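Survey of secondary and tertiary structure
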Amino acid sequence: MSGDGDNGGGIGGAADDESRGDALRDRASRDGESRGGGARGDEPRGDESKGGADRAPAAEAVTVAESVTVTEAGTGTEAATGTAARLQKLFEGHRLTPTQRRIAHCMVRRAADAPFLSSVELAELAGVSQPSVTRFAVALGFDGYPALRRHLREVAPAEKPGDTGSYNEYQQAVQAEIDNLRHLAAALADPSPVIEAGRLFAASRPLPVLGLRAATAQAAGFTYFARKVHPDVRLLDEGGTMLADRVDAAVRAGASALLCFALPRHPREVVDALEYARTAGLTVVTVADSVFAPVAHHTDLLLPAAVGTGLAFDTACAPMLLGRVLLEAMCDALPDAQARLEEFDAKAAARGLFVE
């Protein structure tokens, strides 16, 4: 079940002796594709996923190397974070279809478990067909998925992550969010993208902040606090034909950058709005759930922060925290930020706004 976000099903860790079964399934998939028939091999290549959302001709494939990668934070980084970094490095330089990017996104999000998943389990988690997983492995240069999984086990920590079977579903969701925050901490080991974003926001007068549907709360939260230090922050939280008009109005008023929060499921209006904003001359900075998000190629600076998918509706602790980090970077770039905060505190005390 899934609401405004993708739902990640449970993972049943695969044992080492699954490789033989995977090999048989993968070989059967390849044989079926070469014959043009078979229960699994007769899928059209242009429609690799179970759903129609990922249907796209090969011409729409993009190069993953153009995306931002996760930075590993030294020797003290958690094992799962290191695996995620290695996975993203593995995907760089390959032209992947939208369905294959979906598989790659799933593997990064489930980095700790990726070396132990069977092709069937990975297909179920990514919401694609099992032959799509095989084609994905081949696109990366492996003979099939078993070879890819063997490679991941060679470069990943030797032991499978600890058993979480004693946790109930609510605890598992919290643990997943903790992992997302660890990934974010590792990415922030290189603060230069965030510092650059803060500089762009401080220089943009006004600063439009876009967030639709599931991302509305993130955009509104950033805007609420940003208005305390920035002279003109404009929240764009409604789609429709007026959205382009509001982007135009911001550009006419002197805006030079736009901040976007883009979370699953990604509204088409957000992609269109970012494309329009860039053509209007704005530098687009996007907080997205993944470097494989649909907004990636309509963004000048992409800052990834994973969402949790263990509950019926996605959880977004990491994107929220990244938004606060961006606020801090913007404050650092605004010379009068501290004075504005002190002025607000003085007025709030005089008006008795808050209960002590």
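Anyway, here's the lowdown on the structure attached to this text. All of these numbers come straight from a predicted model, not from anything done at the bench.

Attention now moves to the overall build of the chain. Looking only at helices and strands, the chain has 13 helices and seven strands in total. Here the chain, with 356 residues, has 46% of them falling under the buried criterion. When contacts within the chain are restricted to residue pairs at least 6 apart in sequence, those whose partners lie at least 24 apart make up 74%.

The subject of this paragraph is the environment of Phe201. You can see Phe201 is positioned in helix α8 (residues 192–203). Apart from residues lying up to four places away in sequence, Phe201 is in contact with Leu207, Phe222, His230, Leu259, Val285, Leu326 and Met330.

Attention now goes to the pairing of strand β6 (residues 283–288). A large share of β6 lies buried, amounting to five of its six residues. Handedness of the crossover joining strand β5 (residues 257–262) and β6 through helix α11 (residues 268–279): right-handed. Judged from the four bridges that link them, β6 and strand β7 (residues 301–304) form a sheet pairing that is parallel. Note that in β7 the partner of Thr286 across the bridge is Leu302.

The next thing to look at is helix α9 (residues 216–226). When α9 is considered as a whole, its buried residues turn out to be Gln218, Ala219, Gly221, Phe222, Thr223 and Ala226. Among the structural elements, α8, β3 (207–210), β4 (233–236), β5 and α12 (317–333) are those in contact with the buried residues of α9.

Below, the discussion takes up the packing of aromatic side chains. In the structure shown here, the tally under the stated rule is six aromatic pairs. Taking the centre distance of 6.1 Å and the plane angle of 65 degrees together, the rings of Phe91 and Phe292 count as edge-to-face. Placement of the pair is Phe91 in helix α2 (residues 79–91) and Phe292 in the loop between β6 and β7, with a sequence separation of 201 residues. With respect to class, Phe91 is no different from Phe292; both count as buried. Taken together, Phe91, Phe136 and Phe292 form an aromatic cluster joined through their ring pairs. Over the ring of Phe344 we find Lys228, and its NZ or CZ is 3.8 Å from the ring centre.

For the rest of this paragraph, the subject is the sheet that holds β5. Backbone-to-backbone hydrogen bonds pair the strands of a sheet. The strands run either parallel or antiparallel. One open sheet holds the five strands; their spatial order is β4-β3-β5-β6-β7, and the pairing between them is parallel. If you trace the sheet from one side to the other, it starts and ends with β4 and β7, each paired once. Averaged over all adjacent pairs, the angle separating strand axes in this sheet is 20 degrees, with direction ignored. Sheet topology places β3 next to β4; four bridges connect them, and they run parallel. Looking at the pairing, Val209 lines up with Leu235 of β4. Along the sheet, helix α10 (residues 242–252) contacts β3 and β4; its crossing angle with β4, the most-contacted strand, is approximately 170 degrees.

On to the pairing of β3. A two-sided burial pattern is seen for β3, the buried positions comprising Leu207 and Val209 on one face and Pro208 and Leu210 on the other. Handedness of the β-α-β unit built from β3, α9 and β4 comes out right-handed.

A few words now on the pattern of salt bridges. If you walk through the whole model with that rule in mind, you get six salt bridges. Between Asp300 and Arg278 there is a salt bridge whose closest N-O contact spans 3.0 Å. Here Asp300, found in the loop between β6 and β7, pairs with Arg278, found in helix α11; they are 22 residues apart in sequence, far enough to count as distant. Judged by relative accessible area, Arg278 falls into the partly exposed class, the value being 33%.

Residues Phe91, Met107, Phe136, Leu148, Leu210 and Leu258 are the most contacted members of the largest nonpolar core, which totals 51 residues. Excluding residues that lie within four positions of it along the chain, Leu210 makes contacts with Ala219, Leu236, Leu243, Leu258, Leu259, Cys260, Phe261, Val270, Ala273 and Leu274. In this structure, Phe201, Val233, Phe261 and Ala316 belong to the second largest nonpolar core, which totals 34 residues.

As a further point, take the packing of helix α3 (residues 98–109) against helix α4 (residues 119–126). The relative placement of two packed helices is expressed as an angle between their axes plus a distance between the axes. One can describe the packing of α3 onto α4 by two numbers: an axis separation of 9 Å at closest approach and a directional angle of 100 degrees. For the element pair α3 / α4, the angle class is roughly perpendicular. On the side of α3, the interface is formed by Arg102, Ile103, Cys106, Met107 and Arg109, while α4 contributes Leu122, Leu125 and Ala126.

With that settled, the discussion passes to helix α13 (residues 337–351). The end-to-end C-alpha distance of α13, which contains 15 residues, comes to 21 Å, matching closely the 21 Å that a straight helix rising 1.5 Å per residue would cover. Two residues or fewer past α13, Gly352 is found with a positive phi of approximately 65 degrees.

So, on to the environment of Arg86. Here Arg86 lies in helix α2. Classification of Arg86 by relative accessible area gives partly exposed; the value is 31%. For the pair Arg86 and Leu152, spaced 66 residues apart in sequence, the C-alpha separation works out to 8.9 Å.

This part is about the packing of α3 against helix α5 (residues 130–139). Interhelical geometry of α3 versus α5 gives an angle of 85 degrees and a closest axis separation of 10 Å. With respect to α5, the axis of α3 lies roughly perpendicular. Of the residues in α5, those touching α3 at Thr99, Gln100, Ile103, Ala104 and Met107 are Ser132, Val133, Arg135, Phe136 and Ala139. Here the contact of α3 with α5 is built from residues that sort into six nonpolar, three polar and one charged.

Definitions and cut-offs
- Residues numbered from 1 in each chain as written.
- Predicted model: local features only at pLDDT ≥ 70, side-chain atom pairs only at ≥ 80, totals over all residues.
- Heavy atoms only, no water.
- Helix = DSSP H or I, 4+ residues; strand = E, 2+ residues; numbered from the N terminus.
- Buried < 20%, exposed > 50% of the residue type's maximum accessible area, 1.4 Å probe, protein only.
- Contact = heavy atoms within 4.5 Å.
- Right-handed = clockwise from strand over helix to strand, strands pointing away.
- Pairing = 2+ DSSP bridges.
- Phe/Tyr/Trp six-rings, centres within 6.5 Å; stacked < 30°, edge-to-face > 60°.
- Lys NZ or Arg CZ within 6 Å of the ring centre and 35° of its normal.
- Axes fitted to C-alpha atoms, helices over the stretch in contact; angles between N-to-C directions.
- Salt bridge = Lys/Arg side-chain N within 4 Å of Asp/Glu carboxyl O.
- Core = buried A, V, L, I, M, F, W, Y, C linked by side-chain atoms within 4.5 Å.
- Parallel < 35°, antiparallel > 145°, perpendicular 65-115°, else oblique.
- Expected span 1.5 Å × (residues − 1).
- Nonpolar A, V, L, I, M, F, W, Y, C, P; charged D, E, K, R; others polar.

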